[in-house]
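Coordinate inspection notes
As a plain string of letters, each chain reads:
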Amino acid sequence: MFLAELKESEKAGTLKLDSYKERDSRPRYVRVNTLSLKVRAAMKMFSNEDWKQVCYDRKSEDYSSFLNRVTSLARDEFIQDLHIKELFIFPNKTEFYRHPLYIGGSIILQDKASCLASWLLKPSPGSITLDMCAAPGMKTTHLACLMKNKGTLYAVDSVRGRYETLCKQVEKHGATCVKTLCMDAFQLEAKHCPGVEYILVDPTCSGSGAVEQPIVKNREKFNASRLQSLTRLQSKLLRHALTRFPDVKRIVYSTCSLNIEENEMVVEDVLASVNTDASDPIFEVVDNKLKCKWIHHGSEDFEWGPRCIYTKPDIDLTNGFFIAVIDRVRSDEKNISRNEDEKEEQKHKKRKQLKESKI
Ligand SMILES: C[S@@+](CC[C@H](N)C(=O)[O-])C[C@H]1O[C@@H](n2cnc3c(N)ncnc32)[C@H](O)[C@@H]1O
């Protein structure tokens, strides 16, 4: 029904496309909100609308053959994703904004790269999870699906307008396990979200991997000053996640940037300050579920780099993303790793005391 309408508007030339979409050759990703619609039921609904599902064996398919299938999707075909079973892929420029499933909150239009961050964190149903930079809530609602709405998912954002969008998304998608908090993540302590086991850190970044990013004017200036303040914020947020929540066992750090400064270098900087004894680390970047079915990994200049993943627009047909999965490998019983700011504050106090004692 909807496909027929779409074909009509295409024929009549009334299909409206934003200018960036003209340049964007990615397929259309549709995530099923499994809180309100089962994956099988969604498949059936699309088939009833005359979409033809491309079938393949998800277990035996290799990634390159799968990508070939995606690039050769006919105008009326869709395919289930190889990795994320609740994600369907439709041809480029397929319009879903007027689709009843989209309006009703049963499907979400979310790029595969963005879905991978929550999928790799994979909080278990019933667990306590924290989404530290949550707005507008794409990954929050996905995390709620993975948790089957069981347990507690704290979703935090510091910007009021974005926080309000987050609340609307959470409500629209029936994510009842989510507790939203409008606050600066740096003020967030274990007492605000007791027992947190999983944390997603998806901070503000340059967006250099985003296909639809507007062309940045004065790129030189952007690189020098903005990049530096971004990496400082990203490191601080990741360090906060690793040091302030004693029960955390897994953290996913993700950005939609392809800059090593915002990715591997942030992870390296934070791990070095948190793992004070490198031979007996507290946190480690670990292999992820995509190990054998992925092409791009982090830089080999870092011992753990190949355990991270990059999504590349030209190859993976997604936005460009970086994702690192960090596990606690031993408890921080000595509480050695203190927040850098705290250390700075202590140094400052000592200097002040010394100065006063000399007077
Ligand atoms: C890349 S966006 C997050 C996208 C979101 N995870 C999603 O998938 O929809 C980064 C978010 O971090 C928030 N943010 C930046 N600094 C923050 C801080 N100190 N505390 C809380 N949120 C922060 C920004 O307001 C922004 O909404």
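Residues numbered from 1 in each chain as written. Predicted model: local features only at pLDDT ≥ 70, side-chain atom pairs only at ≥ 80, totals over all residues. Heavy atoms only, no water.

Per an unreviewed UniProt entry, the protein chain goes by SAM-dependent MTase RsmB/NOP-type domain-containing protein and derives from Cryptotermes secundus. UniProt, in its Sequence similarities (unreviewed entry) section for the protein chain, records the words "Belongs to the class I-like SAM-binding methyltransferase superfamily. RsmB/NOP family." (UniProt positions renumbered as here; feature names shortened; annotations may be inferred.)

On to the side chain of Gln110. Mapping Gln110 onto the fold places it in the loop between strand E5 (107-108) and helix H6 (112-121). By relative accessible area, Gln110 is classed as buried at 2%. There is a polar contact of 2.6 Å between the side chain of Gln110 and the side chain of Arg31. What Gln110 contacts, discounting residues up to four positions off in sequence, is Tyr29, Arg31, Leu87, Cys115, Met138, Lys139 and His142. (Helix = DSSP H or I, 4+ residues; strand = E, 2+ residues; numbered from the N terminus. Buried < 20%, exposed > 50% of the residue type's maximum accessible area, 1.4 Å probe, protein only. Polar contact = N/O pair within 3.5 Å; in protein donor to acceptor, adjacent residues only side chain to side chain. Contact = heavy atoms within 4.5 Å.)

To continue, consider the pairing of strand E6 (residues 128-131). Regular strands have side chains that alternate between both faces of the sheet. As paired strands, E6 and strand E7 (residues 152-157) are joined by 4 bridges and run parallel to one another. Within E7, the position partnered with Leu130 by the bridge is Tyr154. Each parallel crossover has a hand, and the one from E6 via helix H7 (residues 138-146) to E7 is right-handed. With 3 bridges joining them, E6 and strand E9 (residues 198-201) adopt parallel strand pairing. Across the sheet, Leu130 pairs through a bridge with Ile199, a residue of E9. (Pairing = 2+ DSSP bridges. Right-handed = clockwise from strand over helix to strand, strands pointing away.)

Near the ligand, the surroundings consist of 19 residues, among which Asp157, Arg162, Asp184, Ala185 and Asp202 are the closest. Within the backbone of Ser158, a nitrogen or oxygen atom sits 3.3 Å from a nitrogen atom of the ligand. Between the ligand and Asp202, the relevant distance is 2.7 Å, taken from a nitrogen atom to a side-chain nitrogen or oxygen of the residue. Tallied by class, the residues present in the shell around the ligand amount to 11 nonpolar, 3 polar and 5 charged. (Near = heavy atom within 4 Å. Nonpolar A, V, L, I, M, F, W, Y, C, P; charged D, E, K, R; others polar.)

This part covers H7. Burial analysis of H7 places 8 of its 9 residues in the buried class, the great majority of the element. Lys139, Thr140, Thr141, His142, Leu143, Ala144, Cys145 and Leu146 are the residues of H7 that are buried. Lys148 lies just past H7 and shows a positive phi near 55°.

Under the UniProt annotation, the feature "binding site: S-adenosyl-L-methionine" (unreviewed entry) is placed at Asp157, Asp184 and Asp202. The greatest C-alpha distance among the residues just named is 14.0 Å, despite their covering 46 residues of sequence, which places them together in space. If you trace the backbone, Asp202 turns up in the loop between E9 and helix H9 (219-243). By relative accessible area, Asp202 is classed as buried at 16%. Sequence-distant contacts of Asp202, that is, excluding residues within four places in its chain, are made with Cys133, Lys139, Ser254, Thr255 and Phe321.

Turning to the packing of H6 against H7, a few remarks are in order. The contact between H6 and H7 brings their axes to 9 Å, and the two run at 40°. The hand of the H6/H7 crossing is right-handed. Counted together, Ser114, Cys115, Ala117, Ser118, Trp119 and Leu121 of H6 and Met138, Lys139, His142, Leu143 and Leu146 of H7 form the full contact between these two elements. (Axes fitted to C-alpha atoms, helices over the stretch in contact; angles between N-to-C directions. Left-handed = near helix turned anticlockwise from the far one by under 90°.)

Read across the sheet, 5 strands follow the order E2-E3-E4-E1-E5 without closing on themselves; strand pairing throughout is mixed. Of all strands in the sheet, those bounded by a partner on one side alone are strand E2 (52-54) and E5. Note: strand E1 (residues 28-32) against strand E4 (residues 87-90), 4 bridges, orientation antiparallel. Paired with Val30 across the strands is Phe88, a residue of E4.

The biggest cluster of nonpolar side chains holds 44 residues, and the ones touching the most others in it are Phe66, Ile79, Leu116, Val178 and Ile323. Sorting the residues of this core by element identifies helix H4 (63-71), E4, H6, H7, E7, helix H8 (160-172), E9 and strand E13 (321-328) as the ones contributing at least two each. Sort the elements by how many residues they give to this core and H6 lands first, with 7 residues. Each of domain 1 (2-109) and domain 2 (127-335) accounts for three or more of the residues forming this core. (Core = buried A, V, L, I, M, F, W, Y, C linked by side-chain atoms within 4.5 Å. Domains from an automatic or database assignment.)

In this section: the pairing of E4. Taking every second residue as pointing to the same face, both faces of E4 are buried, with Leu87 and Ile89 on one and Phe88 and Phe90 on the other. Summarising the sheet, strand E3 (residues 77-80) and E4 pair through 2 bridges and their orientation is antiparallel. Among the inter-strand pairings, Ile79 is bridged to a residue of E4, identified as Ile89.

Let us now look at the environment of Lys112. Counting through the fold element by element, Lys112 comes out in helix H6. Among the residues examined, Lys112 registers a relative accessible area of 2% and is labelled buried. For Lys112 and Ile84, which are 28 residues apart along the polypeptide, the C-alpha to C-alpha distance reads 8.4 Å. Residues contacting Lys112, with those up to four places away along its chain left out, are Tyr29, Tyr63, Phe66, Asp81, His83, Ile84, Leu87, Trp294 and Thr318. Of note is the side chain of Lys112, whose polar atom sits 2.8 Å from the side chain of Asp81. Within the structure, the side chain of Lys112 is placed 2.8 Å from the side chain of His83, a separation counted as a polar contact.

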